[in-house]
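Chain by chain, the residues run as shown.
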Amino acid sequence: MNWNDFSAVVPVLMVTLAACTTMIAEAFRKQRDVAAGRWFGVYGIIGLVGAIAASLSQWNQSLVGFGVISVDNFSVFFNITLCAIGILTIILSVGNADRDHLPLGEYYTLMLFSMVGMMLMASTTDLLIIFIALEIMSLGVYVMTALKRSSAEGAEGAFKYFVLGAFSSAFFLYGIALAYAVTGTTRLDEIGLRVASSALDPGILTILAMVLLLVGFAFKVGAVPFHMWTPDAYQGAPTLVTGFMSTGVKVAAMAAFLRVFLSTFEPLRVDWLPIITVMAALTMILGTVVGVAQTNVKRMLAYSSIAHAGYLLIGLAAGGAAGKAAILFYLVAYSVTNLGAFGVIAALSTPDRQHDNIGDFAGMWKERPGLSALLTMFLLSLGGFPLTVGFIGKWFIFSAAMQEGMYSLAILGVLTSVVSVFFYLRIVVMMYMSDETAPEQRPAVSPLTVTGLLIALVGVIYLGILPGGLLSIAADSVASIF
C-alpha cells in the first residue's frame, strides 16, 4: 500500500466523507429544524466540488489504486460527469425537497452514498468490485424511490425496482462466477487476455458468462426486455429522485458497460453484437411507441429514458472511436437535459399534487412564462431539435452507426426520434395552445431552483451550438483505455 493507492481514490473518498458528514449532522439535528436540514445540501456540494477538483488533477495520469481502481481519462470523465449531476440535483433540491416533505438527512445521505457507488462503477477494473459498487448505488436508489413515506405509488415502485433489481444482480453475480470459473480471475484485463486467446473457440461457459453480465447491465440502463421496473419506479419516486436516478444510474451503468464489453469482451464482438443490435432496436421502438400513449409526464419521460437507452446502445453496437466518444457526449447531453426537465416538474409540484399529468400544464405560459420557456427548451432537446445538445448527441450517435455500415439501425433511430417528438410537443401544445387552466395555483419557485434550471439551459444551448470541446474531451477519454 502506498500513496498512489490513496491518491487514486481521493474523489471517491471526498464524496464518502460528505455523505458521512451529512449522516452525522442529521443524527445531531434537532427535530423540525428545517434550516439546519438545508445545510446538508451544502455539505454535499462541498464534497462533490472537491471530488471534481481532485478528478481534474488526475487528467492525463495513469494510476491504479489498491490493484482495482483505475485512474485514466475515461474514469476521470465519468467522475466529473457524475459529480456534476449530483451538484445540479442538489441545487434543484434546495427548497423543493423540504416542500415535498422528504427527510432531508436521509435524502442527501442516500444520494451521496449512491454517488460513491456510481463513481466506483466508472473506475474499477474488477468484476467483483463492479458488483459491490452496483449494489451500493442500487440500495441507495431503492430507498430513495420510496423516500416519500406517504406515497403508495412510491412504495410500489420501490418494491418492483428492488425485486427486479435483485434478479438482475443475481444474473450479474452468476456471470461473474462463470467468468471466474473459465479464466480463474475477476480482473478485467486478465479476463480480456484469456478471452482473446480463445476468441476463435470461446466455449459455452464464456458465452454464458458474457450474456449474464449483459443482462445485469441492460437492467440498469433500462433496455428492453429488462425495462419493466422503469415506468413504475419513475412515476412513484419523488420527482427529483426520478431525475437523479434517470441520469446518474444510466451514466454509471454505461461506464461499466463500455469498459467490460468494448475492452474485456471486445474479442467476442461477433457473438454479442447481434444481441446488442436487436436490443437497441427493440428498446427504441418500445420506448417511443408506448411513450406516445402516456398521459402521466413522469411515466412518459420513463419511456423516453428507455428510448434514449436504445440510442446509447446504437453507439455501443457501432463501436469504433466515433461511437465510443459519441456515447460519452450523449450521456452528458441526456443528463443535463433530463435533469432540467425534471427540475421544472419538481418546481411546480406540491405535496398534494405532483403536477405530472399533461392536463396540469394547461395554459401554464400565462402564469409561469419563464418555466414554460425552460421546459420547452428541455423537451425540444430531448426530441432532438437543432441548436440543442440533444440534436448534436443524436447526430454523433447516428453518424457513428453510419460509419460502421449500420444503416438500418441508424435509420430506425432517426424514425423513432421523429415519432418521439409527438409526445414531447404534446406538453408544449398544452402549455401554449390550450384555453384550459390548471385546477390549482402553482407554487412559487426558489431562486436556487431557477439558478439550477438556468445552468441546465446554458448546457443545452452551449453544447448544442459549440459541441466540439466536449466531443474532443470525450475522444481523449475513450482513447485512454480502448
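Only a predicted model underlies this, so the values are computations on that prediction, with no experimental measurement involved.

A. Representation of the packing of helix 6 (residues 104-123) against helix 12 (residues 239-264). In the contact formed by helix 6 and helix 12, the axes pass within 7 Å of each other and the chain directions differ by 15°. In terms of orientation, helix 6 lies roughly parallel with respect to helix 12. Viewed along their axes, helix 6 and helix 12 form a crossing whose handedness is left-handed. Contacts from Tyr107, Met111, Ser114, Met115, Met118, Met121, Ala122 and Ser123 in helix 6 reach Leu240, Val241, Phe244, Gly248, Val249, Ala252, Ala253, Ala255, Ala256 and Arg259 in helix 12. The class makeup of the residues in the contact of helix 6 with helix 12 is 14 nonpolar, 3 polar and 1 charged.

B. Layout of unusual backbone geometry. Here the residue pair Val224 and Pro225 is connected by a cis peptide bond, since its omega of 10° sits within 30 degrees of zero. Assignment of secondary structure puts Pro225 in the loop between helix 10 (204-221) and helix 11 (229-236). The backbone of Asn60 shows a phi angle near 65°, a positive value even though the residue is not glycine. With respect to the helices and strands, Asn60 occurs in the loop between helix 3 (34-57) and strand 1 (63-65). Overall, the relative accessible area of 62% leaves Asn60 in the exposed class.

C. Seen up close, the pattern of salt bridges. Enumeration over the complete set of coordinates arrives at 6 salt bridges. Its salt-bridge partner being Lys160, residue Glu156 comes within 3.0 Å of it at the nearest N-O pair. Here Glu156 and its partner Lys160 are both found in helix 8 (residues 152-183), 4 residues apart, which amounts to about one turn of the helix. Shared partners join several salt bridges into a network, and the residues in it are Glu156, Lys160, Asp232 and Arg299.

D. Up close: helix 13 (residues 269-292). A rise of 1.5 Å per residue sets the reference length of helix 13, with its 24 residues, at 34 Å; its end C-alpha atoms lie 34 Å apart and thus fit the reference within 8%. Those residues of helix 13 lying buried are Arg269, Trp272, Leu273, Ile276, Met279, Ala280, Ala281, Thr283, Met284, Gly287, Thr288 and Gly291. Against the buried residues of helix 13 lie helix 10, helix 12, helix 14 (297-318) and helix 19 (407-433).

E. Main features of the environment of Ala307. The residue Ala307 is located in helix 14 in this model. Distance in space between the C-alpha atoms of Ala307 and Val289 is 9.3 Å, their sequence separation being 18 residues. Once you skip the residues sitting within four places of it in the chain, Ala307 turns out to touch Thr283, Met284, Gly287 and Thr288.

F. Representation of the side chain of Ser372. Tracing the sequence through the fold places Ser372 in helix 17 (residues 369-383). Polar contacts involving the side chain of Ser372 include one to the main-chain amide nitrogen of Trp365, which spans 3.3 Å. Apart from the residues lying within four places of it in its own chain, the contact partners of Ser372 are Met364, Trp365, Met431 and Tyr432.

G. Expanded view of the state of the cysteines. Scanning the model with the defined rule gives 0 disulfides in all. The thiol of Cys20 is unpaired, and the distance to the nearest cysteine sulfur, on Cys83, comes to 15 Å. In this structure Cys20 comes out as partly exposed when scored by relative accessible area, which is 27%.

H. Molecular detail of the packing of helix 4 (residues 73-93) against helix 12. At a minimum axis separation of 10 Å, helix 4 and helix 12 run at an interaxial angle of 175°. Between helix 4 and helix 12, the crossing angle belongs to the class labelled roughly antiparallel. Along its contact with helix 4, which presents Phe74, Ser75, Phe78, Thr81, Leu82, Ile85, Thr89, Leu92 and Ser93, the element helix 12 presents Leu240, Phe244, Thr247, Gly248, Val251, Ala252, Ala255, Leu258 and Arg259. Among the residues making up the contact of helix 4 with helix 12, the classes are represented as 11 nonpolar, 6 polar and 1 charged.

I. How the structure looks around a nonpolar patch on the surface. On the surface, Leu387, Val458, Ile461, Tyr462, Ile465 and Leu466 cluster together to form a nonpolar patch covering roughly 600 Å² of accessible area. Along the chain, Ile461 turns up in helix 20 (residues 447-465). Judged by its relative accessible area of 32%, Ile461 is partly exposed.

J. View of helix 17. Compared with an ideal rise of 1.5 Å per residue, which puts 15 residues at 21 Å, helix 17 spans 21 Å between its outermost C-alpha atoms and is within 8% of the ideal. Within the sequence span of helix 17, burial applies to Leu371, Ser372, Leu374, Leu375, Thr376, Phe378, Leu379, Leu380, Ser381, Leu382 and Gly383. Residue Gly384 follows helix 17 closely and has a positive phi angle near 85°.

K. Fine view of the environment of Arg353. The residue Arg353 is located in the loop between helix 15 (320-348) and helix 16 (364-367) in this model. Considered as a pair, Arg353 and Ser62 are 291 residues apart in the sequence and their alpha carbons are 50 Å apart.

L. Up close: the side chain of Ser349. Tracing the sequence through the fold places Ser349 in the loop between helix 15 and helix 16. In terms of polar contacts, Ser349 uses its side chain to reach the backbone carbonyl oxygen of Ile345, at 2.7 Å. For Ser349, the residues in contact, after removing those within four places along its chain, are Arg99, Thr239, Gln354, His355 and Pro443.

About the thresholds
- Residues numbered from 1 in each chain as written.
- Predicted model: local features only at pLDDT ≥ 70, side-chain atom pairs only at ≥ 80, totals over all residues.
- Heavy atoms only, no water.
- Axes fitted to C-alpha atoms, helices over the stretch in contact; angles between N-to-C directions.
- Helix = DSSP H or I, 4+ residues; strand = E, 2+ residues; numbered from the N terminus.
- Parallel < 35°, antiparallel > 145°, perpendicular 65-115°, else oblique.
- Left-handed = near helix turned anticlockwise from the far one by under 90°.
- Contact = heavy atoms within 4.5 Å.
- Nonpolar A, V, L, I, M, F, W, Y, C, P; charged D, E, K, R; others polar.
- Buried < 20%, exposed > 50% of the residue type's maximum accessible area, 1.4 Å probe, protein only.
- Salt bridge = Lys/Arg side-chain N within 4 Å of Asp/Glu carboxyl O.
- Expected span 1.5 Å × (residues − 1).
- Polar contact = N/O pair within 3.5 Å; in protein donor to acceptor, adjacent residues only side chain to side chain.
- Disulfide = S-S within 2.5 Å.
- Patch = residues over 30% accessible without salt bridge, like charges linked within 9 Å, V, L, I, M, F, W, Y side chains within 5 Å.
- Areas by Shrake-Rupley, 256 points an atom, 1.4 Å probe, with all protein chains shown as cover.

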